Amino acid sequence: DDFKGWGETQNEKSDQAYVEVAAIPSATITVKSAGEEIGQANWGTLEALGKVETSRLHLEIVDRGRNWVHVTVLDDETNRPLPCRVHFRSPEGIPYQPHGHHDHVNSNLDTWHIDIGGDLRLGQITYAYIDGRCQGWLPRGEVIVDVARGFEYEPLRTRVRIEPGQRELTLHLKRWTNMNAQRWFSGDSHVHFLGANGAHREAQGEDLNVVNLLQSQWGHLFTNTEDALGLTKTNNGQTLVYCSQENRQHMLGHLTLWGLKEPVMPWCTDGPDEAELGGALEETMAYWADACRAQGGTVIIPHLPNPNCEPAVLIATGRADAVEMIWHGNYEHLEYYRYLNCGYRLPLVGGTDKMYSNVPVGLYRTYAYVPRDEEFTYENWCRAVRAGRTFLSGGPMIQLSVNGASIGGTLQLPRGGGTLEVEATA
């Protein structure tokens, strides 16, 4: 399945539905559509026969019994429990997610800032982030299993059979490439709403090394105020979450400030949708950038080129360390190449701007190269970004060299030009 590990296309036209029922035998189930009754059945009869047919309705009991099952997902190479995300459902499509997780995340109901953290919805189906182990009810008989972990593991979608009395289920994921071993470390440049602990859980589940978790403001909604600025580590220092800020202004532009040690205030300014209703312009983006640099931080222009007023000033005055690509279209590429063609050197980062439960952390990510003689740390990862040693990916692993110079390098050509030898793989 092309979508294994990555959800399923939303089905908006199904004529089937499932419902959980608790009833006494004399009860009547009545089914209506748009207020019109299309059929009914006695519950005791339905229990005895298993299904009831009318001219317009088919009712069937699809509960074949359940087992409480302990599930373990192992790395096929190390045989150790592997953080990942999982989805379980019956052949009829009924989800049986691990205990403590949503069977359905309702992100298709125009919700925003709801159900964020621990669960993910991709199209039709919902995933639960686990640390490699989980437990809960699974239906007896055939179960469809969907497991994934970022881009460097082969996703798994398969059918297993749960036998009566079965209490254990073990699954395996296979790694097809190891970018950390090649000194490429992945990060999401732009994440909102998750707590720091939740960001660690989801980052490990997506095999992501760095999460830039950003405090920000939407009118009178202030987010991640409970997360202190700074770095937290898990997974033996291979998963880093740095809580910092995205400062926003609806016309001048947005600015992502990585690595802050102290707040740069105000977070947002000049009225809605970013700041308070009736607010005035209190600070420029240049001030925010200078305050970040004074703390040794890294200044990123997010989701280039929108909003597109002051970013040109930041680039021209050397205040921007990198620019972020989230969308790829003619407009975005045109603006980026206009700066390159003017002689400005603009490293690229990739991120998600995650604010919804239907976007995985690191769905679009930055891979930054940290040389073997340098330790993988947040500071060294940011230094690699500023040096332009990055590629962006929504799945492919990319290698590129030009005349032997690697990504982020600089070539000096003879005055009359010359021939370049390009080597690339993906």
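Preceding block: the structure.
Asks: Hey, could you go over the packing of aromatic side chains for me, with residue numbers and the actual values?
Replies: Within this structure, the stated rule accounts for 11 aromatic pairs. Taken together, a centroid distance of 5.1 Å and an interplanar angle of 65° make the contact between W184 and F391 edge-to-face. Pair noted here: W184 is in strand β14 (residues 184-191) and F391 is in strand β25 (residues 390-393), with a separation of 207 residues, a long-range link. Between F185 and F376 the ring centres are 4.2 Å apart and the planes differ by 5°, which places this aromatic pair in the stacked class. Residue F185 is found in strand β14, and its partner F376 is found in the loop between β24 (365-369) and α6 (378-386); the two are separated by 191 residues along the sequence. In terms of burial, F185 and F376 fall into one category: buried. Three or more aromatic residues link up through ring pairs in this structure, and these residues are W184, Y367, Y369 and F391. Directly above the ring of F151 sits R365, whose terminal nitrogen or CZ lies 4.3 Å from the centroid.

Asks: For unusual backbone geometry, give the residues involved together with the corresponding values.
Replies: Residue D273 is reached from P272 by a cis peptide bond, and omega for that bond is 10°. With respect to the secondary-structure elements, D273 resides in the loop between β20 (268-269) and α3 (285-294). If you check the backbone angles, N79 has positive phi at about 65° while not being a glycine. Following the sequence through the fold, N79 ends up in the loop between β5 (66-75) and β6 (84-89).

Asks: Now, about the pattern of salt bridges: what can you tell me, with residues and values included?
Replies: Considering all chains together, one arrives at 16 salt bridges under this definition. The salt bridge partner of E92 is R64, with a shortest N-O separation of 3.1 Å. Taken together, the residues span a long stretch of sequence, with E92 in the loop between β6 and β7 (119-122) and R64 in the loop between β4 (58-60) and β5 at a distance of 28 residues. Under the relative-accessibility criterion, R64 is labelled partly exposed at 39%.

Asks: Give me the side chain of S393: which residues, what numbers.
Replies: With respect to the helices and strands, the residue S393 is situated in strand β25. Classification of S393 as buried rests on a relative accessible area of 2%. In terms of polar contacts, S393 uses its side chain to reach the backbone carbonyl oxygen of P396, at 2.4 Å. Those residues in contact with S393, other than ones at most four positions away along the chain, are F151, L363, Y364, R365 and Y367.

Asks: Pulling in residues and values, what's your account of the sheet that holds strand β10 (residues 141-148)?
Replies: A sheet is described by the order of its strands in space; here five strands give the open sequence β7-β8-β6-β10-β12, paired in antiparallel fashion. Each end of this open sheet is capped by a strand with a single partner; those strands are β7 and β12 (156-162). With direction set aside, neighbouring strand axes in the sheet form an average angle of 30°. Where β10 meets β12, seven bridges bridge the pair, whose relative direction is antiparallel. Looking across to β12, one finds that D146 is bridged to R157. The strands touched by helix α2 (residues 196-205) are β6, β7, β8 (125-130) and β10; relative to β8, the strand with the most contacts, the crossing angle is about 105°.

Asks: Describe in detail the side chain of H303, supporting the description with residues and values.
Replies: By the element assignment, H303 lies in the loop between β21 (298-301) and α4 (311-316). Under the relative-accessibility criterion, H303 is labelled buried at 6%. A distance of 2.5 Å separates the side chain of H303 from the backbone oxygen of N306, its partner in a polar contact. H303 has contacts with H190, E246, H254, E324, I326, W327 and D353, leaving out every residue within four places of it along the chain.

Asks: An account of the pairing of β24 is requested, with residue identities and associated values reported.
Replies: In terms of burial, β24 is a largely internal element, four of the five residues being buried. Relative to β24, β14 runs antiparallel, the two being bridged by four bridges. Counterpart to S186 in the pairing with β24 is Y367. Where β24 lies against β25, four bridges are found, and the strand directions are antiparallel. Residue R365 lies in a different strand from β25, and its bridge partner there is S393.

Parameters and conventions
- Residues numbered from 1 in each chain as written.
- Predicted model: local features only at pLDDT ≥ 70, side-chain atom pairs only at ≥ 80, totals over all residues.
- Heavy atoms only, no water.
- Phe/Tyr/Trp six-rings, centres within 6.5 Å; stacked < 30°, edge-to-face > 60°.
- Helix = DSSP H or I, 4+ residues; strand = E, 2+ residues; numbered from the N terminus.
- Buried < 20%, exposed > 50% of the residue type's maximum accessible area, 1.4 Å probe, protein only.
- Lys NZ or Arg CZ within 6 Å of the ring centre and 35° of its normal.
- Salt bridge = Lys/Arg side-chain N within 4 Å of Asp/Glu carboxyl O.
- Polar contact = N/O pair within 3.5 Å; in protein donor to acceptor, adjacent residues only side chain to side chain.
- Contact = heavy atoms within 4.5 Å.
- Pairing = 2+ DSSP bridges.
- Axes fitted to C-alpha atoms, helices over the stretch in contact; angles between N-to-C directions.

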